Every structure is written in C-alpha cells, then in structure tokens.
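Structural features, examined
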Amino acid sequence: MSVLISGGTIVNADRTFAADVICDHGRIMAIGEDLETPDGATVIDATGRYVMPGGIDPHTHMQLPFMGTVTSEDFFSGTSAALAGGTTMIIDFAIPKMGQSIIEAYDTWREWAEQSACDYSLHVGITWWGDSVHRDMETLVRDGGVNSFKHFMAYKGINMADDEILVSSFMRARELGAIPTVHAENGELVDRMQQIIFERGITGPEGHPLSRPPAVEGEAANRAIRIAEVLDVPVYIVHVTCREALDAITRARLEGQRVFGEVLAGHLVVDDSVYRNEDFRFAAGHVMSPPFRSAEHPPALWQGLQAGNLQTTGTDHCCFNADQKALGKGDFRAIPNGTGSVENRMEVLWTHGVRTGRLTMNEFVQVTSANAAQIFNLYPRKGVIATGSDADIVVWDPDATKVISAKTHHMNIDFSIFEGMEITGTPSHTISRGKVVFTDGKLDVERGAGRYVDRPPYAPVANFRQTA
Ligand code: URQ
Ligand code: ZN
Ligand code: ZN
C-alpha cells in the first residue's frame, strides 16, 4: 500500500523545499519533484500545505496507575488522539513500584503498549536502588531498546528518588551510554509545604501551587544538573516550568555541560490563575506537577525554547476525569496529578509559536520531533522527512482553524486545559508507518498497529573519556 503526497512543501529541521513524497512498506521511498504516481497509490494533494515529520511526544503516561487510580487514557485511545493531532510517536514511562523489578515493570508496560495505534518507546523509572536494579539496567539497555532512565525527585512515599539513588543510577547510566532524566522538584520540601499549607486551612486546589513554588523546582533541577556534572553524564530535565529551573539549565549549558530541557505545551500558554478559580472541577483539572506558574514564567520558557536552551516539547499526557480528580475534594494533596494534551501539542506550538513569529517552521520541527529524535537516538529513523526514514508524516494545513474543546477532542478525558483556545494551523492528514490514519478530521486507526521502537544506547562515555 503506497502513498503519494504531491505538491506540498517539505519542512525539515534544517531546510524547507518543494517536493513530492512516496511512502511504501512503512518507509519514505522517494522524495523529488513531479514524482510519478505508483500503481494503486493513495494520493494526497498537499498543495499549499507543509509536509513535516510526525511529532514525537517524549513524555506521556498512558494507563498509568498513580495516586490511587489509573489514568483514563489507555495506549490505544491515547495514541489515536496523538495521531489526530499530528503526533506519530510517543515515549511513555514504565514505572516500577518501590522494590519491583525494573524488568518486570518494563514487561508490563510493553504488554499494555501493544494496543498502541502509533509507534512508541519506553523510558524506565528508577524508583529504588539495589544490585538487581544495577544489573537490570544493563539488560534493558542491551536487550530492551532503552537508553533513558527516569527519576522522580518528588512524590515522596510513592516513587521519589533521593540523592543516593540519583548518584547510583546516574553513574550506571553513564557506564551504559544511557541518559538519566529527572522530574525536578524537591520532594522533601513539597511534602513539608503540603502539610503546612493544609494545616493552615488551605485545602482546595489553590494549595497545590503554593506547596510547590518555583524555588522547589529550581533547587532540584540545579541539584540533578550538578550531580550529573560531577559524574560527567548528560542529563535531561523533563517538564521545565519556571525561570529558576531554566536558569540552572542555561548556566550549565553555557559552561559546556550536556544538559537538555523539555517544556510542555501547557506551561507555555497557561498560568497559575487557573488554581484560583472557584469551580473545583476547573481548578483540579489543572492540578499537575510541577504546577502552572505565574504569568512571568511562560514568556521565559518561550525564550528558553527560542534560544535553544530548551530543546523538546512534550505534554506529560496523564489524564484523569472529573470523578478521579474528585478524590482530592477537601484535600488538594489527594487530587491525582496530571493533565492531558497529547492531541494539542503541535497545534498549540504552531499557533502560539510559529504564527506569532517566536519560532520558524524549521524550529517548530526541531522542537516537536527532530530534537527528541536526536536526544533519544531515534534519528534519522524518526524526526526527518528523508529517504529511508519511517513514513511518519504530518501534512499541515497552516490556514485551517478550530476551537479546542473537550467536547470535540479525541482524548479520553472530560476536560481540556486549552478549552476555548482558537487555533490556526492543524494537521489535514497524518501518516503513521506509511498508512493514512487521519484525514480532514476523521481517524482511521488500528488497535495494535504501532510498534515498539528500540532506542540504542549512545557510545558508552567510559569508552572515550575517563572521569577524574
Ligand atoms: O509527574 C509526572 O510526570 C507524572 C506522574 C504525571 N503527573 C504530573 O502531574 N505531571
Ligand atoms: Zn513529572
Ligand atoms: Zn510525567
């Protein structure tokens, strides 16, 4: 089954050019001017449209058991929604319980993820430490296609990694040529602040951001970065939300350290006024960690993205419906943390990034796919329109408009953090593994059509550079 995309303008991270594209056997087979239509091919007229690599969302949580419940979005519904928004690959997280074998957790998530409609991969959480974790990290890198390990510096009592775990795991990642990633919030401080704020009688969602101020994130980001500096290992900070964390990343990068930062579409355009809304459902619908920040932070995050100090955009897609959020009525500490937007990332970035002049189209491709593909060693299989690359493509209509709403989105969540946002620029077609799966608003996805994508390790650093 082949597909010809004709008359469009290809936008890659490095350049923009007019050409047709032929896909077959799941790959991009040819790129050129006036290509002949292969026999029986599906033809997409992309005149006036942009042909770009499908998005890679490096941060999702489908089907995650968390805070006494399980996210409402499973791997099929979540990846289907991703495809409707032009994202053709997700990197989700296998998160072991304390004491659980990391291989067992990885196997569990691999099984759940088999339902995916698009390609996927898995970061693996390091939530505790022991000889078996040390050993199993190697197995996952060697045989499991894993080159990134995630550490939650927050969520005390659930899966928090203390400094001892960070040091052990970062060292091991370095030996294996894998990259450590961190959720940067000081979990001890959050725990204490939550208690103090709750005891002061602040029990509603407005207590959530008060218990996790920017300094809590800045401290943790800086600590993770400095640990990585001493151990001479790269580090990737997930969901950077504030100037304090961005400054820590920027400073380290200026010193030549290999530090990467991810920003979520939500944190670029939503601020913390949402938590002061008197409607519990609305305020709790925005409860995630780190929280949305006061209005001076989003412009700083845009600057970080523009300057290249933040390289990737994700969503931290982690959906809880209103009945799940209600678990925290009367105690903000029990509101399940998470919001959903895997379907909206590309259109929000285009509308608020490209159309405002903050990002060029090529930079849009960098921050929505190419950089993630390079950092997580998927490039050039993903993240570029090139002969031989996977046929994961989005055909972008820059003039199409829509209004985002939970009533019309494809995500399995009854709430949208972007409710009412006017969008200009959406996918007209999404192609996943060479198949057209989204056409002018209609999904044609298949459960289980996605494949696990191995991410090989980087050359183990120990091979060419000695630590002091
Ligand atoms: O912290 C995360 O990344 C997960 C568990 C989702 N929830 C959240 O509030 N960000
Ligand atoms: Zn997190
Ligand atoms: Zn997350």
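Residues numbered from 1 in each chain as written. Chains lettered and ligands numbered in written order. Predicted model: local features only at pLDDT ≥ 70, side-chain atom pairs only at ≥ 80, totals over all residues. Heavy atoms only, no water.

**Regarding the site of ligand 1**
Quick reminder of the rule: Only a single heavy atom is needed: when it lies within 4 Å of a molecule or strand, its residue is near that molecule or strand. Polar contacts, as counted here, are pairs of nitrogen or oxygen atoms within 3.5 Å of one another; within protein the pair requires one atom able to donate a hydrogen and one able to accept it, and residues that are adjacent in sequence qualify only if both atoms are side-chain atoms. Polarity classes work like this: nonpolar for Ala, Val, Leu, Ile, Met, Phe, Trp, Tyr, Cys and Pro, charged for Asp, Glu, Lys and Arg, and polar for all others, with Gly in that last group.
Around ligand 1 sit 13 residues, and of these Y155, H183, S289, D316 and N337 come closest. Take H59: an N or O atom from its side chain is 3.4 Å from an oxygen atom of ligand 1. Within the side chain of Y155, one N or O atom sits 2.6 Å away from an oxygen atom of ligand 1. Its residues placed into classes, the shell around ligand 1 shows five nonpolar, seven polar and one charged.

**Brief notes about the nonpolar core**
How we decide: For this analysis, a nonpolar core means a set of buried residues of the types Ala, Val, Leu, Ile, Met, Phe, Trp, Tyr and Cys, connected via side-chain atoms within 4.5 Å. Exposure classes here rest on a 1.4 Å probe applied to the protein chains alone. A residue is buried below 20% of its type maximum, exposed above 50%, and partly exposed in between. Helix and strand definitions here come from DSSP, where helices need a minimum of 4 consecutive H or I residues and strands a minimum of 2 consecutive E residues; each element is numbered from the N-terminal end. Pairs of residues are marked as contacts when any of their non-hydrogen atoms sit within 4.5 Å.
Of all hydrophobic cores here, the largest spans 104 residues; its most connected members are F149, F170, I237, L349 and F364. Among the elements that take part in this core, helix α7 (residues 214-231) stands out by supplying seven residues, more than any other. Residues contacting F364, with those up to four places away along its chain left out, are M52, M346, L349, W350, V354, L359 and W396. Grouped together as the second largest cluster of nonpolar side chains are 17 residues, V3, A19, A391 and V395 included.

**Structural notes on the coordination of the zinc ion (ligand 3)**
Stated precisely, the cut-off is as follows: Water is not part of the atom set, so a site may look incomplete; the donors themselves are N, O and S atoms within 2.8 Å of the metal, or 3.2 Å for Na, K and Ca. Here the metal geometry follows the donor angles, with tetrahedral for four donors whose angles all fall between 85 and 135 degrees, square planar for four and octahedral for six when opposite donors are more than 155 degrees apart and every other angle is between 65 and 115, and irregular for all the rest.
Taken together, H59 (NE2), H61 (NE2) and D316 (OD) make up the protein donors of the zinc ion (ligand 3), found 2.0 to 2.2 Å from the metal. Here the zinc ion (ligand 3) is ringed by four donor atoms whose angles at the metal span 86 to 128°, and the overall shape comes out tetrahedral. Linear spacing of the donor residues for the zinc ion (ligand 3) on their chain is H-x1-H-x254-D. Separating the zinc ion (ligand 3) from the zinc ion (ligand 2) is a distance of 3.6 Å. Note that H59 is positioned in the loop between β8 (55-57) and β9 (65-66) and D316 in the loop between β17 (312-314) and α12 (322-325), a separation of 257 residues in sequence.

**Structural notes on the environment of S273**
Along the chain, S273 falls in the loop between α9 (265-269) and α10 (280-285). Since its relative accessible area comes to 38%, S273 is described here as partly exposed. As for S273 and S294, which are separated by 21 residues in sequence, their C-alpha atoms are 7.3 Å apart.

**Comments concerning the packing of helix α4 (residues 163-176) against α7**
Cut-off, in case you're wondering: Lines are fitted to the C-alpha atoms to define the axes, a helix being fitted only along its stretch in contact, and any angle between axes, read from their N-to-C directions, falls within 0 to 180 degrees. Note on angle classes: values under 35 degrees are labelled roughly parallel, values over 145 roughly antiparallel, values of 65 to 115 roughly perpendicular, and the remainder oblique. If you view the pair so one helix is near and one far, a crossing is left-handed when the near helix is turned anticlockwise from the far one by less than a right angle, and right-handed when it is turned clockwise.
For the pair α4 and α7, interaxial distance at closest approach is 10 Å and the crossing angle is 45°. Viewed along their axes, α4 and α7 adopt a mutual orientation that is oblique. The two elements α4 and α7 meet at a crossing, and its hand is right-handed. The residues of α7 that touch α4, namely those facing D163, L166, V167, F170, M171 and R174, are R223, A224, I227, A228 and L231. Along the lines of polarity and charge, the residues of the contact of α4 with α7 split into eight nonpolar, no polar and three charged.

**Remarks on the coordination of the zinc ion (ligand 2)**
Distances from the zinc ion (ligand 2) to its protein donors, H183 (ND1) and H239 (NE2), fall at 2.1 Å. Around the zinc ion (ligand 2) sit four donor atoms; with metal-centred angles ranging over 59 to 150°, the donor geometry is irregular.

**A look at the sheet that holds strand β12 (residues 119-125)**
Selection rule: In this scheme, strands are said to pair when DSSP sees at least two bridges between them.
Spatial ordering of the open sheet is given by β8-β11-β12-β13-β14-β15-β16-β17, a layout of eight strands whose pairing is parallel. Of all the strands in the sheet, just β8 and β17 have a single pairing partner and so form its edges. Across the sheet, the axes of successive neighbouring strands diverge by a mean angle of 30°, strand direction being ignored. Inspection of the sheet shows strand β11 (residues 87-94) paired to β12 by six bridges, in the parallel sense. In the strand pairing of β12, M89 is matched with D119. Against the sheet, helix α8 (residues 243-254) makes contact with β15 (235-237) and β16 (259-264), and its axis sits at roughly 150° relative to β16, the strand it touches most.

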